[in-house]
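# Structural features, examined
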Amino acid sequence: MSSEDTVVATPESIVENKPRRQPPYGVILHNDDINTFEFVIETLRKVFGYELEKCFFLTQEAHVRGRSLVWSGTLEGAELKREQVISRGPDPVMKAKGALPLRVTLEEMPQ
């Protein structure tokens, strides 16, 4: 390589190898007019380990606003939490009235 072929690295030409942070994902609980408040609260307590007061607040928020952010974290964690909620099935008391498992979705959260 001659002196005429010298390559100069500029800040624009250096590619950083920093790991990209995965965005957090939220688990969203949607309102449900068939499953009982008691069942929803019990599900939140069992799946997320929250105190009774927090479970009541999140359930009430979903009821009034139509949805409630009940958990946020990694995509894998959010997928696991969603599956745990769904796997509890419908409220046994309301199953005969057409109750289905609680509706929970995942949403990418702003960083």
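Let me sum up the structure you'll find in this document. (Residues numbered from 1 in each chain as written. Predicted model: local features only at pLDDT ≥ 70, side-chain atom pairs only at ≥ 80, totals over all residues. Heavy atoms only, no water.)

Attention shifts here to the pattern of salt bridges. Enumeration according to the criterion identifies 5 salt bridges in this entry. A salt bridge links Arg67 to Glu107; its shortest N-O distance comes to 2.8 Å. On the criterion of sequence distance, the pair formed by Arg67 in strand β2 (residues 67–73) and Glu107 in strand β3 (residues 104–108) is long-range, its members being 40 residues apart. Through salt bridges with shared partners, a single ionic network connects Glu42, Lys46 and Arg88. (Salt bridge = Lys/Arg side-chain N within 4 Å of Asp/Glu carboxyl O. Helix = DSSP H or I, 4+ residues; strand = E, 2+ residues; numbered from the N terminus.)

This part takes up the packing of aromatic side chains. Taken as a whole and judged by the stated rule, the model has 2 aromatic pairs. Judged by centre distance (5.4 Å) and plane angle (15 degrees), the ring pair of Phe48 and Tyr50 falls under stacked. Judged on exposure class, the residue Phe48 and its partner Tyr50 are both buried. The residue whose ring lies beneath Lys54 is Tyr50, and the NZ or CZ to ring-centre distance is 4.1 Å. (Phe/Tyr/Trp six-rings, centres within 6.5 Å; stacked < 30°, edge-to-face > 60°. Buried < 20%, exposed > 50% of the residue type's maximum accessible area, 1.4 Å probe, protein only. Lys NZ or Arg CZ within 6 Å of the ring centre and 35° of its normal.)

On to helix α2 (residues 52–65), then. Its 14 residues give α2 an end-to-end C-alpha distance of 20 Å, which sits within 8% of 20 Å, the value for a rise of 1.5 Å per residue. Among all positions of α2, only Cys55, Leu58, Thr59, Glu61 and Ala62 are buried. Buried residues in α2, looked at end-on, bunch into an arc of 155 degrees, giving them a common side. More than 90 degrees from the buried face of α2, the exposed residues found are Glu53, Phe57, Val64 and Arg65. Where α2 is buried, its residues meet β1 (25–30), α1 (37–48) and β2. Gly66 lies just past α2 and shows a positive phi near 95 degrees. (Expected span 1.5 Å × (residues − 1). Arc of directions from axis to C-beta. Contact = heavy atoms within 4.5 Å.)

Positionally, Phe57 belongs in helix α2. Each C-alpha atom of the pair Phe57 and Ser68 lies 9.4 Å from the other, and the pair is 11 residues apart in sequence.

Spatially, 3 strands are ordered β2-β1-β3 in an open sheet, and the strand pairing comes out antiparallel. Of all strands in the sheet, those with a lone pairing partner are β2 and β3, marking the two edges. For this sheet, the mean inter-axis angle between neighbouring strands, taken without regard to orientation, is 30 degrees. Where β1 lies against β3, 5 bridges are found, and the strand directions are antiparallel. (Pairing = 2+ DSSP bridges. Axes fitted to C-alpha atoms, helices over the stretch in contact; angles between N-to-C directions.)

The next thing to look at is the side chain of Glu61. For Glu61, the location among the structural elements is in helix α2. Accessibility expressed as a relative area gives 18% for Glu61, which makes it buried. If we ignore the near neighbours within four places in the chain, the residues touching Glu61 are Gly66, Arg67, Ser68 and Leu69.

Relative to the 18 Å expected for 13 residues at 1.5 Å per residue, helix α3 (residues 75–87) spans 18 Å between its end C-alpha atoms, a close match to the ideal helical length. Where α3 is concerned, the buried positions are Gly77, Ala78, Lys81 and Val85. All buried residues of α3 project into a common sector of 100 degrees when viewed along the axis, lining one side. Residues Glu76 and Ser87 are exposed on α3 and point more than 90 degrees away from its buried face. The inward-facing, buried residues of α3 contact β1, α1, β2 and β3.

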